[in-house]
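What follows is each chain in one-letter form.
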Amino acid sequence: MGLGKLFTFKSKMSEEVTVSVGKTLGWSDLLSFSKDKALENSAFWICLMNLARTFGSLPIHAYSKKGDGSRKIDTTSPEAILLRHPCPYMNPYAFRFCMSINFELYGVAYAKIVRSSLGKPIALHPIASTLVVPTIADGKLSYQYTPSGECIPKADMLVILNLTANGILPLSPLEYVKKDLAVADSAKVMQHNWFSRGTMLGGIVKVPSNTNKTTKDEIREQFQTGFGGSSNSFKTAVIPDNTSYEPVKIDSKTAEFQEAQKWTVAEVARRFGVPEAFAGGSVKETYANAEQRGIDLVQYTILPRSVAWQDAINDALFLHNPKRYVKINLNGLMRGDAATRSAYYHNALMDGWMSANDVRSLEDMDPIEHGDLYMVPMNYVPRSVAATTNPYTYQGITTTQETRTVNSLPSPLVDAKRMEDVSFMAERAAASASQRKALEKLARRQLAKEIKALNELIASETSSSDLLEQFRLATEKIAREFGDQYVEAFSVVARKLQPIVQRQVRTGASIDADAFDRFVKSYAYAASDRHASSRVYALAKDLEGTPDDQVASVVEGATQNWMATVPNHEAATETNRSANAMTVFLYGALGVSVMRVVASHDACEFCRKLDGRVVEVNGYVLKAGENVDDGEGNVMRISKSKKHPPFHDGCECSVAPGR
C-alpha cells in the first residue's frame, strides 16, 4: 500500500457544482455539491480546522493500573510509544489531524495497524475513509481497501466512528450538510455577480423609441464601461438631452448579504455541534457567557469525540485490557485565567490532594526538590507524619495513598527511621536521575551502531548459524567504544551520591577517592557490556525457529521495536541500579557492616516481602535458586544472585545502613 494511495481523498460525489442565478434554485443544483466546494465555505472550513487542530494538539497518554488501584503513565510499552510515534512519516499532531479530518467529513477515521513479528503494534497508517468498505464474511468483520482489494482484519484496523446507525457502516456528515452549504454558495455567487456589476449606478437608460439597435448598444457599452463595477462607483454621469436615466430600486432585504452569511455560520455551527464563535461567527457575549460557551464546547463537543477516540484505541491496541487504557487530557481546554488557577491550586495544596510538583507539572514547570510531598494544614507537615503521629487525626480515617501504601508494608512500621530512609532514598534517586537523559542518549547511540552492524551482517548474507556469533563480536567491540562515555555519565552520579551517603551514615570517615573512581569505571564498563549482551540475547529469542528466508524481515521488525523501547527502559533501570550499587560500595568504604532493604512506596508484593531484610554489606540479598512468595501463591524465582535492588524490571527499591 503506497503512501500516495494512503492519502488519496477521492470523493464518490460529483466534483462540480452548478448554481443558477436569476432563477429558482432547484434540488438538482444542491445534490451536485462536493467536498471541495464544502471546504470553500469559510464557516465549514474553520469548524473543520478548529476541531482537527484541537484533537491534533490534545495530550494523549497510555496508563496502566497498579495492584492498589492507582495508575501510572505508561511510556515504555510499544502501544505507548506508538501514540508518540504513530508512523515513520507522521508526527503525532499530523496523524491525529489527518484522522480528525476524515472523522468529521466522512463519519469515520481508519488507520491500518502494522505489527511486528511478535504481534506488537509498531505503526499506524491512516487510510482515506472513502477508500475503505466494511465487509462481513463468515461472521467476521474486515475492511476492504478498494484500490488493491486487500481485506484488513478488524484486529489490524483502528476504526474511530463519528456517525453510524448500525455500529459498522459510517454515515457521512458531508452528505447531510451539503444542501445548506450549496444554498450558501449560491448566495456567494449571487453576491459576487451583484458587486461585480456595480451597486451604486445600476438602472435603466431611456432613449427615444426610434433609436436604432446600434445606438442602443453603444449607449449601453458606454455606461457599462464608464460606470460599471465597484471601481467606478460614485462617478457623475452625463447623458444626451433626449435620454433619461432611471435607477433600479433594490429591495433592502435583497442586499442584506451579511444576514445570509450569519445564517450560514449558525447552520454550520449547529451541524458540528459547536458555538457560533467557534465557527467564526461574530456573537456579542459577556465574559461569563463566553466562558460558559467554552465549557459547553468541551463538555458537549470535544468530550464525546474524545470518548470515541479512547474507546477505539483501547479496542484496537489494548483489546479492552482493564488494566491498560488511554486517556485524552482535556485539562488544558478547561484552564481558567491566572487568578482562577491560583485560587484552585492554593486550595488543592492546602487540602493535601495536590503536591507542589503536581501544580508545577500542570503549569509546564520543572519539578523542585522535595516537591512531591503532600501537605496538610496542621502545622503544614506531610500527611503521613500527621497520620502516624495521631492515627485519629482524620476522624478515624487514614486512607490517603501514602498511608495505605506504607501501612501495608509488613515491616518496619512507619516511624522516624522509616521516614528517614524514604527521605534519603528520594535524595539518592534524584541524584542518579539527573543523568537519566544522558544515559538514554548513550543507549540510543550505542543501539544505533549495533543495529547498523547487524544490518551490514544481513546485507553481507551472513549465514543464520554465524549471525548471532558475529553480532556478539560486533556488540562487544561497540561496548568498548562507549565505555568511557558511560564512565563520564556515572561519574556525575557518583559525585552527587557521595555527600548524601556520608550524611546518611553520619560518619567522619574519609573515602578512598581512587578506589571509588575505579569502582565507578568498572560499573560503567559493565553497564555498556550489559547493554550489548542484552541485544544478543534479544536477537537470539527473536530468531528462534525463524526460517533463513525470513531472518531479514524478523530482524527489521525487532530492531524497530528496540529503537522504540530499549533506550528509555535501560536508562530507567541503570538509574536505579547505579544509585544502589554506588551506595553499597560507599557503605563498605565508610565502615558500615550491615544494611537493610527499603521497599519503595509503590512496591510490588514480592518487594514488600523483602522490605527490612538485613544482610551484610556486599552480601547477597537474594541468592540464585531462591524463591520469593508474594503470599498469594505467586512465586518470583531468582536465577542470578543480587546484592542490591533492582530485583526485577521496574523495581525502585533501595537500601539503608544498619538494621
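First things first, this report covers the structure right here in the doc. (Residues numbered from 1 in each chain as written. Predicted model: local features only at pLDDT ≥ 70, side-chain atom pairs only at ≥ 80, totals over all residues. Heavy atoms only, no water.)

### Notes on the pairing of strand β5 (residues 132-137)
- Pairing of β5 with strand β6 (residues 140-145) involves six bridges; the strand directions are antiparallel. Within β6, the residue paired with Ile136 across the bridge is Leu141.
- Hairpin connection between β5 and β6: a loop of two residues separates the two successive antiparallel strands, and Asp138 in this loop has a positive phi of roughly 55 degrees. (Pairing = 2+ DSSP bridges. Helix = DSSP H or I, 4+ residues; strand = E, 2+ residues; numbered from the N terminus.)

### A closer look at the packing of aromatic side chains
- Within the structure shown, the criterion is met by ten aromatic pairs.
- With centroids separated by 5.9 Å and ring planes inclined at 15 degrees, the aromatic side chains of Phe55 and Trp309 adopt a geometry described as stacked. You can see Phe55 sitting in helix α4 (residues 42-57) and its partner Trp309 sitting in helix α10 (residues 287-318), a full 254 residues away along the chain.
- Between Tyr486 and Phe490 the ring centres are 6.4 Å apart and the planes differ by 20 degrees, which places this aromatic pair in the stacked class. Residue Tyr486 and its partner Phe490 are located together in helix α17 (residues 464-505), separated by four residues, close to a single helical turn. Phe490 shares its class with Tyr486; the two are buried.
- Through a chain of ring-to-ring contacts, three or more aromatic side chains come together here, namely Tyr486, Phe490 and Tyr523.
- Between the NZ or CZ atom of Arg530 and the centre of the ring of Tyr523, over which it lies, the distance is 5.1 Å. (Phe/Tyr/Trp six-rings, centres within 6.5 Å; stacked < 30°, edge-to-face > 60°. Buried < 20%, exposed > 50% of the residue type's maximum accessible area, 1.4 Å probe, protein only. Lys NZ or Arg CZ within 6 Å of the ring centre and 35° of its normal.)

### Side note on the pattern of salt bridges
- A complete count under the given rule lists 17 salt bridges for this structure.
- A salt bridge links Asp74 to Arg324; the shortest N-O distance between them is 3.1 Å. Of the two residues, Asp74 sits in strand β2 (residues 71-74) while Arg324 sits in strand β11 (residues 324-328), which places them 250 residues apart along the sequence.
- Taking the shortest distance from any N to any O, the salt bridge between Glu150 and Lys112 comes out at 2.9 Å. Placement of the pair is Glu150 in strand β7 (residues 150-153) and Lys112 in strand β3 (residues 108-115), with a sequence separation of 38 residues.
- Several salt bridges converge on common partners, so that one network encompasses Asp74, Glu79 and Arg324. (Salt bridge = Lys/Arg side-chain N within 4 Å of Asp/Glu carboxyl O.)

### Examining the sheet that holds β3
- Within the open sheet, the three strands sit side by side as β4-β3-β8. Their pairing is antiparallel. Looking along the sheet, the strands with just one partner apiece sit at the ends: β4 (121-127) and β8 (157-161). Geometrically, the sheet is characterised by an average inter-axis angle of 25 degrees between neighbouring strands, direction not taken into account.
- Of the pairings in the sheet, the one linking β3 to β4 comprises six bridges and is antiparallel in character. Counted as the bridge partner of Arg115 is Pro121 from β4. (Axes fitted to C-alpha atoms, helices over the stretch in contact; angles between N-to-C directions.)

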